[in-house]
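For reference, the chains in residue letters:
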Amino acid sequence: MIEHSFLQALILGIVEGVSEFLPISSTGHLIVVGQLIGFSSMPGKVFEVVIQLGAILAICVLYWRRLLHVVLDARRDPAARTFIGAILVAMIPAGLLGVLFHDFIINVLFSPYVVCTTLILGGIAIIVIERMHLEARITSIETLPMKTALKIGLFQCMALVPGVSRSGATILGALLVGVERKTAAEFSFFLAIPVMLGASAINLIETWDLIQPSHAYLIATGFIAAFLSALVVVQWLLNFVSNHGYTIFGWYRIVFGCLLLVFFLTWG
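Residues numbered from 1 in each chain as written. Predicted model: local features only at pLDDT ≥ 70, side-chain atom pairs only at ≥ 80, totals over all residues. Heavy atoms only, no water.

Colleague: What is the right way to read the pattern of salt bridges from this model?
Modeller: Where side chains of opposite charge bring their charged atoms close, a pairing between them can arise. Applying the stated criterion across every chain yields a total of five salt bridges. The residue D73 makes a salt bridge to R76 at a minimum N-O spacing of 2.7 Å. The salt bridge involving R181 is made with E130; its shortest N-O contact spans 2.9 Å. With R181 in helix 10 (residues 181-207) and E130 in helix 7 (residues 112-130), this pair connects stretches of sequence that are 51 residues apart. Overall, E130 belongs to the buried group, its relative accessible area being 9%. Look at the salt bridges and you will find they share partners, linking R66, E142 and E186 into a network. (Salt bridge = Lys/Arg side-chain N within 4 Å of Asp/Glu carboxyl O. Helix = DSSP H or I, 4+ residues; strand = E, 2+ residues; numbered from the N terminus. Buried < 20%, exposed > 50% of the residue type's maximum accessible area, 1.4 Å probe, protein only.)

Colleague: Any chance you could explain the layout of surface pockets here in plain terms?
Modeller: By rolling a water-sized probe across the atoms, one finds the places where empty space is left. Approximately 1000 Å³ is the volume attributed to the largest pocket. Lining of the largest pocket is provided by 44 residues; of these, T27, Q52, F110, A199 and N203 occupy positions nearest its centre. Those elements that place two or more of their residues in the lining of the largest pocket are helix 2 (26-37), helix 3 (46-62), helix 5 (78-100), helix 6 (102-109), helix 9 (166-176) and helix 10. Here the residues of the lining of the largest pocket sort into 23 nonpolar, 17 polar and four charged. If you add up the space inside the second largest pocket, you get close to 220 Å³. Lining the second largest pocket are 16 residues, with G122, A125, M158, V164 and L172 positioned closest to its centre. For the lining of the second largest pocket, the leading source of residues is helix 7, giving six residues. (1 Å grid on protein atoms, 1.4 Å probe; cavity = no way out; pocket = protein on both sides within 12 Å on 5 of 7 lines; lining within 4 Å. Points joined across faces, edges and corners; volume = space filled by probe spheres on them. Nonpolar A, V, L, I, M, F, W, Y, C, P; charged D, E, K, R; others polar.)

Colleague: How should the packing of helix 8 (residues 146-156) against helix 9 be read in this particular structure?
Modeller: Packed helix pairs are characterised by how far apart their axes lie and by the angle those axes make with each other. For the pair helix 8 and helix 9, the least separation of the axes is 8 Å and the interaxial angle reads 140°. Here helix 8 and helix 9 pass one another in a crossing that is right-handed. In contact with I152, F155 and Q156 of helix 8, helix 9 contributes R166, A169, T170, G173, A174 and L176. Here the residues of the contact of helix 8 with helix 9 are counted per class, giving five nonpolar, three polar and one charged. (Axes fitted to C-alpha atoms, helices over the stretch in contact; angles between N-to-C directions. Left-handed = near helix turned anticlockwise from the far one by under 90°. Contact = heavy atoms within 4.5 Å.)

Colleague: Please explain the environment of A94 as it appears in this structure.
Modeller: Note on placement: A94 falls in helix 5. Classification of A94 as buried rests on a relative accessible area of 9%. Placed 61 residues apart in sequence, A94 and F155 show a C-alpha to C-alpha distance of 8.7 Å.

Colleague: I would appreciate a short explanation of the nonpolar core in the present structure.
Modeller: Here is a general trend for soluble globular proteins: nonpolar side chains tend to be buried in one another's company. Counting 47 residues, the largest nonpolar core has F21, F187 and F189 as the members making the most contacts within it. Only helix 3, helix 5, helix 7, helix 8, helix 9, helix 10 and helix 11 (216-244) provide two or more residues apiece to this core. With residues near it in sequence (within four places) discarded, F187 still touches A86, I87, A90, I141, L144, I152 and T170. In terms of nonpolar packing, the next biggest core, distinct from the first, is built from ten residues, A9, L30, F47 and A226 among them. (Core = buried A, V, L, I, M, F, W, Y, C linked by side-chain atoms within 4.5 Å.)

Colleague: Help me out: how do you make sense of the environment of I202 in this one?
Modeller: Structurally, I202 can be placed in helix 10. Given the relative accessible area of 33%, I202 is considered partly exposed. Residues I202 and V49 lie 153 residues apart in sequence; the distance between their C-alpha atoms is 9.7 Å. Setting aside chain neighbours within four positions, we find I202 in contact with V99 and H102.

Colleague: Explain the packing of aromatic side chains here, please?
Modeller: The final tally for this structure, using the stated rule, is eleven aromatic pairs. Centre to centre, the rings of F83 and F190 are 5.1 Å apart; their planes meet at 65°, and the pair counts as edge-to-face. Taken together, the positions of F83 in helix 5 and F190 in helix 10 put the pair 107 residues apart, joining distant regions of the chain. With respect to class, F83 is no different from F190; both count as buried. Ring centres of F263 and F264 lie 5.3 Å apart, and the angle between their planes is 80°; this geometry places the pair in the edge-to-face category. (Phe/Tyr/Trp six-rings, centres within 6.5 Å; stacked < 30°, edge-to-face > 60°.)

Colleague: It is not clear to me how the side chain of Q8 should be interpreted in this structure. Could you clarify?
Modeller: Position of Q8 among the secondary structure elements: in helix 1 (residues 2-19). Within the structure, the side chain of Q8 is placed 2.7 Å from the backbone oxygen of I37, a separation counted as a polar contact. (Polar contact = N/O pair within 3.5 Å; in protein donor to acceptor, adjacent residues only side chain to side chain.)

Colleague: Which parts of the structure should I look at to understand helix 10?
Modeller: Working note: α-helix, 3.6 residues per turn, so residues spaced by three or four point in the same direction. Between its first and last C-alpha, helix 10 extends 37 Å over 27 residues, near the 39 Å set by a 1.5 Å rise per residue. The largest bend in helix 10 is about 35°, located at A192, with the proline P194 one to four residues further on. Two or three places before K182, at the opening of helix 10, E180 has a side-chain oxygen 3.2 Å from that residue's backbone nitrogen. (Expected span 1.5 Å × (residues − 1). Bend = angle between axes of the 7 residues up to and from the residue.)

Right under this line is the structure:
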């Protein structure tokens, strides 16, 4: 039983690390894969919340020099202040809605059928937007206007629905308002840090009493797996989208969503 639970935690940790920063919905994949492998070794959403922090740690490790520069030079460097301001402005809309509708999202929208539907619709959106050949006017976060950051933040609100993908909504929103592909991906990475830390803090406060010492090895396994897999995926993603765009993720979402829908309608 312990070996089986360890394998489940390892699988879900890898799923989180791989899918968190790709526009394919990490929450949707965790819901679906968790049900498929029968993961029930931990009550509530404790495990899912903690392994997300592993993925966030990967961003902090990969970009520690840039993040440290922004923090230390914010007082004297206008570009650093613009970076911080853009992140803060973009996180406000989803943060407010997430607090207001947290219970509804957790209790009503966390459904495999919702995930299947949003995976398919999100895939179609990616393909359509990529075929629009939008002009890229903004090539760095340090030059991102606050009004543009707010628009991206409004797009991120769609990701409160499981299966939409936080990174996907952020990236597509950024592309639509004139941000080039690599910068759009990086902005989604940095925006994930405060957004996911805030969401994780809320969930951990609500579910802290559910955590038991016996869960420690499962949490550690998932956390480390998410961290290591995210390290690999983030670096690969930046190189890939710079040369090939996001269309392949749109097709993946459509195919995966359709297969899952058939599965749950047939055997769910």
